[in-house]
Amino acid sequence: MTDFAATRALFDLPDGIAYLDGNSLGPLARAVPDRVARTMTREWGGDLIGAWNSAGWMDWPERLGDRIAPLIGAAPGTVTLGDTLSIKVHQALAAALSLTDRRVILSDTGNFPTDLYMAQGLVRTLDAGHALRVVAPEEVESHLSDDIAVLLLTEVDYRTGRRHDMARLGDRARRNGIITVWDLAHSAGALPVDVTACGADFAVGCTYKYLNSGPGGPAFLHVGPQIAHRIDPALPGWLGHAAPFDFDPQYRPAAAAKRFRIGTPPVLQMAALDAALDVWDIASIHDVRARSVDLSRRLIDGVGAACPALVLASPGDDAARGSQVSFRHPQGYAIMQALIADGVIGDFRAPDILRFGITPLYIGLAEIDRCVETLARIMDRGLWDDPAFRRRQAVT
Ligand SMILES: *Cc1c(COP(=O)(O)O)cnc(C)c1O
């Protein structure tokens, strides 16, 4: 059984804050600053360019990919790291389209904008009769017809926390000859995923949310071993070449997932990720999920009882929800600012969603109860109704 007091002790959270936004930016793990400092001073400072070999930097994208793999049910050697998630979505989608003669990408209205933009961009640049079909989340299954090339979905909706049934949709897709690209931005480190059992062709995700790598941390990409060798990457970078240091003018893909590398990996960010992943040496993703469900239920029940004006925007059914809880209110922005001013940090998503990330590695009952009590006070006394809280910032 995971000792959550021990996992929490690995994080460095400011005093007096209830941090319910780890679904957007995970907090600093205590081991990160020293680890990054070591990479800077001893490896970079000491070994200069030699550190690519002496510190093994060149192999980190796959070494760290292998540390993430068990959290998403991927086999070793099938996950690589680098770039941002937007780019990994583009790479996976372009690769998926290259494997089929079909032309339609199916996605849903709950998907994150960048994923849809990448699909729109590919449709435009391929200029070969491709189309993006976007349907309501509940209608995805009935649209898995045999003209669909690729199913592009984010497992957990960033606004509502609604969770797709990956196994069921993956099975339906496979039986219809549809290639699957799963975005696990709100899944990896939040709940158990089994890309192998779900037959996922591609899975991508970011590391700065539930995996706590820090702002701008690299994204990951998993490619199913059954198809990796058939892919000629659309962004064929020199470090995805079979022999990068031959400097061959002709591209030849590296083995398996490694061909999805593009250019020089972000070494300092990877050092931070490596240290942040140590928590998984003492935490089980299954225990994290069980605790997340308990904490989510407590928040839903507490807010339901104390704040009748806040409408639950997340599924009430635990199995249909990821690791966040969202509520709607027309004054959601101002309410969230009032909450943050009181030390309870969640976030707001337009037009009216108050969002709370549930991250048992470092939050527990005390944070949930404080959130409920503070929200109740703000709602009862109308404390949100203040010009300072109504003013929108660019990033909130
Ligand atoms: C957070 C998130 C992103 C962010 O993409 P970046 O390129 O890392 O900024 C993309 N897609 C989904 C589904 C997300 O939740």
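In this text the structure is predicted, and so the values were computed from the model without any measurement.

*Asks:* What am I meant to see in the site of the ligand here?
*Replies:* Around the ligand sit Thr 84, Leu 85, Ser 86, Phe 112, Thr 114, Asp 115, Thr 154, Asp 183, Ala 185, His 186, Tyr 208 and Lys 209, and those are all the residues in its vicinity. The contact in question runs from an oxygen atom of the ligand to an N or O atom on the side chain of Thr 84, over 3.1 Å. A distance of 2.6 Å separates an oxygen atom of the ligand from a polar atom in the side chain of Lys 209. Calculation on the ligand without its partners gives an accessible area of 390 Å², and the protein chains cover 86% of this total. Listed by contribution, the elements that provide at least two residues to the shell around the ligand are helix H5 (85-98) and helix H6 (113-126). Tallied by class, the residues present in the shell around the ligand amount to 4 nonpolar, 5 polar and 3 charged.

*Asks:* Looking at this structure, I do not really get the domain arrangement of the chain. What am I missing?
*Replies:* Interface size is commonly expressed as the accessible surface area that is lost when the partners come together. Under the domain assignment, the chain is made up of domain 1 (4-28 + 284-390) and domain 2 (32-281). Put simply, the middle of domain 1 and the middle of domain 2, counted by C-alpha atoms, are 28 Å apart. With 34 residues of domain 1 in contact, the opposing surface of domain 2 contributes 24 residues. Where domain 1 packs against domain 2, one counts 0 salt bridges. Our enumeration of links across domain 1 and domain 2 arrives at 10 residue pairs in polar contact (both at pLDDT 80 or more). Those elements that place two or more of their residues in the side of domain 1 that touches domain 2 are helix H10 (285-306), strand E10 (324-328) and strand E13 (353-357).

*Asks:* Which parts of the structure should I look at to understand the pairing of strand E5 (residues 148-154)?
*Replies:* With 7 of 7 residues buried, E5 is to be regarded as a mostly interior element. Both strand E3 (residues 104-108) and E5 contribute to a ladder of 3 bridges, which runs parallel. Residue pairing across strands places Val 104 opposite Ile 148, the latter belonging to E5. With 5 bridges connecting them, E5 and strand E6 (residues 179-183) associate as parallel partners.

*Asks:* Any chance you could explain the sheet that holds strand E2 (residues 79-81) here in plain terms?
*Replies:* Backbone hydrogen bonds hold the strands of a sheet together, and the pairing may be parallel or antiparallel. Strands sit in the order E2-E8-E7-E6-E5-E3-E4 across an open sheet of 7 strands; the sheet is mixed. At either end of the open sheet lies a strand with only one pairing partner, and these are E2 and strand E4 (131-135). On average, each strand axis in the sheet is inclined to that of its neighbour by 20 degrees, with strand direction left out of account. In this sheet, E4 lies alongside E3 in parallel orientation, the contact comprising 5 bridges. Opposite Ser 107, over in E4, you have Val 134 as the bridge partner. Running over the sheet, helix H4 (residues 60-72) touches E2 and strand E8 (220-223) and is turned about 125 degrees from E2. Together, E3, E4, E5 and E6 form the strand contacts of H6, whose direction differs from that of E4 by roughly 150 degrees.

*Asks:* Can you walk me through the sheet that holds E10 in this structure?
*Replies:* The strand order across the open sheet built from 4 strands is E9-E10-E13-E12, with neighbouring strands paired in antiparallel fashion. Each edge of the open sheet is held by one strand with a lone partner, namely strand E9 (311-312) and strand E12 (347-349). Direction of pairing for E10 relative to E13: antiparallel, over a ladder of 5 bridges. Its bridge partner lying in E13, Val 325 is registered against Phe 356. Contacts between H10 and the sheet are confined to E9, E10 and E13, with E10 contributing the most and set at about 20 degrees to the helix.

Calculation criteria
- Residues numbered from 1 in each chain as written.
- Predicted model: local features only at pLDDT ≥ 70, side-chain atom pairs only at ≥ 80, totals over all residues.
- Heavy atoms only, no water.
- Near = heavy atom within 4 Å.
- Polar contact = N/O pair within 3.5 Å; in protein donor to acceptor, adjacent residues only side chain to side chain.
- Areas by Shrake-Rupley, 256 points an atom, 1.4 Å probe, with all protein chains shown as cover.
- Helix = DSSP H or I, 4+ residues; strand = E, 2+ residues; numbered from the N terminus.
- Nonpolar A, V, L, I, M, F, W, Y, C, P; charged D, E, K, R; others polar.
- Domains from an automatic or database assignment.
- Contact = heavy atoms within 4.5 Å.
- Salt bridge = Lys/Arg side-chain N within 4 Å of Asp/Glu carboxyl O.
- Buried < 20%, exposed > 50% of the residue type's maximum accessible area, 1.4 Å probe, protein only.
- Pairing = 2+ DSSP bridges.
- Axes fitted to C-alpha atoms, helices over the stretch in contact; angles between N-to-C directions.

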